[in-house]
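Inside the fold
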Amino acid sequence: MSNQIEGVPYLDLASEFHTLRDDWVAAIDRLGSKAAFILGDAVTEFQQEVADYIGCRHALGVANGTDALVLSLRALDIGPGDEVITSPFTFFATAESISLVGATPVFADVDEASFNLSPSSVESRITDSTKAILPVHIFGHPADMAQLRRIATEHGLKLIEDAAQAFGAKSGEAIVGSLGDTGCFSFYPAKVLGCYGDGGLVTTSDEGIFEELQQLRNHGAIAAFTHTQIGYNSRLDAVQAALLGIKLKKIEQDLAQRQKIAAWYDERLEETDALPPARPDHGRHAFNLYTIRHPRRNALRQALGDAKIGTNQCYPQGLHLQQVYSHLGYQPGDLPVTDQLCTETLSLPIFPGMTEEQVETVCEVIRKA
Ligand SMILES: Cc1ncc(COP(=O)(O)O)c(C=O)c1O
C-alpha cells in the first residue's frame, strides 16, 4: 500500500518566493525611497559580492544571459568572418549569441558522460578562421576546462564560459566563471541563482575586457553622451540585483540541497534502467538540472506526466540540426553522441526545498515504468 504524495512539480519557485518576500520587499522599499532604480549601489555591491565568490577581479551585471554572451563576444572582438566552436547540446541562446555578433557557430560533439564539449572533437574543428571556444557547463556539470584551456592556448584562441546553468559549479577547486577570458551567467528564474525576472552577468579578470564590457553595456558610452561604438542597453535591474544579493547569501546552502537531492535520486535509480548524471572527476556539479538517460525516454516521460510529475526534455534536438542553421550543412549522424543524447535524456524535478518523499514519488514511477 503506497502512501505516495500526488504529483511533483518540475520546479517550485513560488514556495521560495514566500520565504524571501519580506527581505526583498524591504530592499525594494529602500531603493524606491532613494529612487535608485538604474545601476547604483545595489548593482555595484552585488557585482563585488559575485566577483569575490567566484574568485575573479570583475563582475558586470547585464540584462540577461544571452546579452552576457553577446557582450563577451563583442568585447573579445569576435564578429563577421570568425568561427566560434561550441556545443550543440545546449539551449539555443549559446549559438544564437555567436550568430548575433555576425560570427559562425561551429558545432563539435559532446562527451557521452558529462554531456559537455569533447576536447578532441573541438580540436578537430579548428580552422584558420577559429577565434574562440565557447564551452557550456551544461546542467551544472563543469566542462573540461583544463583541456580546453590547453587547446585555446596552443591555438591562440579565446575561451568564453557559458556558465548560465552552473552558478557555483567547480572545476577542481576553481568556481566556474573564473576560468575563461570571460564567464557568462543567466539569472533566469529557473537557474541555480535566479532572479524574479531577467538578469545576467559577465565575469572577467582582464582590465581591458572589463572596460570594454562596461561601455558595451551602456550604449557604447565612454562618458555621459559620449559614444565611441554601438553598444546595448543591457543593465541588470537594481531590484533584481537586490534580490540576487539576498539569494547569494544562501547559495552554498542551496547548492548543498541540490547535491543531497541528486544523491537521493542516484541511490534510488540504481536498480532501474535510468542512468544518473555523471559527476565531475574533480570539482562540483551545481545540479541546476538532474538529467538522466533512459533507453525508453518517451514512454518514461509519458508515465511521469500521467503521475503529474513535471519533467523537461533537455534537449530534443541538437542545435546543429535546427532549421535556422540548415545553411551550415550539418546532417543527422555528423555529431552522433549529441544525436543519441537527444533521444535519451530527461530532466527530472530538482529545486531547493524538494523533499526525499518527492524524490521517492518520482523514482517509484520510474521503477514501475
Ligand atoms: C546554457 C544557456 N546559455 C544561455 C542562456 C541564456 O540566458 P537568458 O535566458 O538569461 O538570456 C541560457 C538560458 O536559459 C542557457 O541555459
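Before reading on, note that the structure itself is shown above.
For the structure given in this document, a descriptive report is provided here. (Residues numbered from 1 in each chain as written. Predicted model: local features only at pLDDT ≥ 70, side-chain atom pairs only at ≥ 80, totals over all residues. Heavy atoms only, no water.)

1. Considering the side chain of D162
What counts is decided by this rule: Secondary structure elements follow DSSP: runs of H or I no shorter than four residues count as helices, runs of E no shorter than two count as strands, and numbering proceeds from the N terminus. Accessibility here uses a 1.4 Å probe with only protein chains present; expressed as a share of the type maximum, an area under 20% marks a residue as buried, one over 50% as exposed, and anything in between as partly exposed. Only four residue types enter the charge count: Lys and Arg as positive, Asp and Glu as negative, with His and the chain ends excluded. Salt bridges are defined by distance alone: a side-chain nitrogen of Lys or Arg within 4 Å of a carboxyl oxygen of Asp or Glu. Whenever a nitrogen or oxygen atom comes within 3.5 Å of another N or O atom, the pair is scored as a polar contact, on the condition that within protein one atom can donate a hydrogen and the other can accept it, and that pairs from neighbouring residues in sequence are kept only if both atoms are in side chains. Residue contacts are defined here by distance: any two heavy atoms, one from each residue, within 4.5 Å place the two residues in contact.
Summarising the element assignment, D162 is placed in strand β5 (residues 158–162). In this structure D162 is buried but unpaired, with K191 as the nearest side chain of opposite charge at 7.5 Å. Engagement of the side chain of D162 in a polar contact is seen with the backbone nitrogen of A164, the distance being 3.0 Å. Other than its neighbours up to four places away in sequence, D162 contacts L69, T94, L134, P135, V136, H137 and C184.

2. Thoughts on empty space enclosed by the protein
Definition in use: Using a 1 Å grid laid over the protein atoms alone, points where a 1.4 Å probe fits but cannot get out form a cavity; open sets with protein on both sides within 12 Å along at least 5 of 7 lines form a pocket; any residue with an atom within 4 Å of a point counts as lining. Grid points are joined across faces, edges and corners, and a volume is the space filled by probe spheres set on the points. For this classification, Asp, Glu, Lys and Arg are treated as charged, while Ala, Val, Leu, Ile, Met, Phe, Trp, Tyr, Cys and Pro are nonpolar and the rest, including Gly, are polar.
Counted under the stated rule, the structure contains two cavities of 30 Å³ or more. Roughly 110 Å³ of volume is contained in the largest cavity. For the largest cavity, the lining is made up of 13 residues, of which L13, E16, R258, F351 and P352 are closest to its centre. Where the lining of the largest cavity is concerned, the elements lending two or more residues are α1 (13–34) and α9 (251–269). Looking at the lining of the largest cavity residue by residue, the classes come out as seven nonpolar, no polar and six charged.

3. With respect to the layout of surface pockets
Taken as a whole, the largest pocket spans an internal volume of roughly 690 Å³. Lining the largest pocket are 33 residues, with F91, Q165, Y188, K191 and Y315 sitting closest to its centre. At the level of elements, α3 (65–75) and α4 (93–100) are the ones that each hand at least two residues to the lining of the largest pocket. For the lining of the largest pocket, the element with the most residues is α3, which contributes three residues. Classifying every residue of the lining of the largest pocket by side-chain character gives 17 nonpolar, 13 polar and three charged.

4. Quick notes on the packing of α3 against α4
Each packed pair of helices is defined by two parameters, the angle between the axes and the distance between the axes. Under the convention used in this document: Angular values range over 0 to 180 degrees, each being the angle between N-to-C directions of two axes fitted as lines to C-alpha atoms, with helices fitted over their stretch in contact. Here is the rule for angles: anything less than 35 degrees is roughly parallel, anything more than 145 is roughly antiparallel, 65 through 115 is roughly perpendicular, and the remaining ranges are oblique. Left-handed describes a crossing whose near helix is turned anticlockwise from the far helix by less than a right angle; the clockwise case is right-handed.
Across the interface, α3 lies against α4 with an axial gap of 9 Å and an inter-helix angle of 40°. Comparing their axes, α4 and α3 come out oblique. Handedness of the crossing formed by α3 with α4: right-handed. For the pair formed by α3 and α4, the contact residues are T66, L69, V70 and L73 on the first element and A93, T94, E96, S97, I98 and L100 on the second.

5. Overview of the pattern of salt bridges
If charged atoms from side chains of opposite charge come close, those side chains can pair. With the rule as written, the count across this model stands at 18 salt bridges. Two residues, R21 and D22, come together in a salt bridge whose shortest N-O distance is 3.1 Å. Residue classification places R21 among the partly exposed positions, given a relative accessible area of 37%. Across the salt bridge formed by D254 and K250, the nearest N and O atoms sit 2.9 Å from each other. According to the relative accessible area criterion, D254 is buried, its value standing at 4%.

6. Description of the packing of aromatic side chains
Rules: The rule is short: rings of Phe, Tyr and Trp, with Trp giving its six-membered ring, pair when the centres are within 6.5 Å, and they are stacked under 30 degrees, edge-to-face over 60, tilted in between.
Enumeration according to the criterion identifies 15 aromatic pairs in this entry. Aromatic side chains F107 and Y330 sit 5.6 Å apart centroid to centroid with 65° between the ring planes, which places their arrangement in the edge-to-face category. Of this pair, F107 sits in strand β3 (residues 104–107) while Y330 is found in the loop between α10 (297–306) and α11 (336–344), placing the two residues 223 residues apart along the sequence. For the pair F107 and Y330, one class covers both residues: buried.

7. Looking at the site of the ligand
For clarity, the cut-off: Only heavy atoms are used to decide nearness, and a residue is near a molecule or strand if one of them lies within 4 Å of it. Accessible surface area values rest on a Shrake-Rupley calculation with a 1.4 Å probe, where residue burial reflects the displayed protein chains alone. More than half of a molecule's atoms within 2 Å of the grid points is what it takes for that molecule to sit in a cavity or pocket.
Around the ligand, the surrounding shell holds 14 residues, and the nearest of these are G65, T66, D162, S186 and K191. The protein chains hide 91% of the 390 Å² of surface that the ligand would expose on its own. Among the detected pockets, the ligand sits in the largest pocket. Those elements that provide at least two residues to the shell around the ligand are α3 and α4. Per element, the largest residue contribution to the shell around the ligand is three residues, and it comes from α3. Of the residues in the shell around the ligand, the class split is five nonpolar, seven polar and two charged.

8. A short note on the nonpolar core
The condition that has to hold: The criterion is simple. A nonpolar core is a set of buried Ala, Val, Leu, Ile, Met, Phe, Trp, Tyr and Cys residues joined through side-chain atoms within 4.5 Å.
One finds F46, V50, I54, F167, F187, L193 and I251 to be the most contacted residues of the largest nonpolar core, which totals 37 residues. Every element with two or more residues in this core is listed here: α1, α2 (41–54), α8 (238–248) and α9. Counting residues per element, this core draws most heavily on α8, which supplies eight residues. In this structure F187 touches F46, F167, L193, G194, C195, G197, G199, G200, L201 and L244, once residues within four positions along its chain are discounted.

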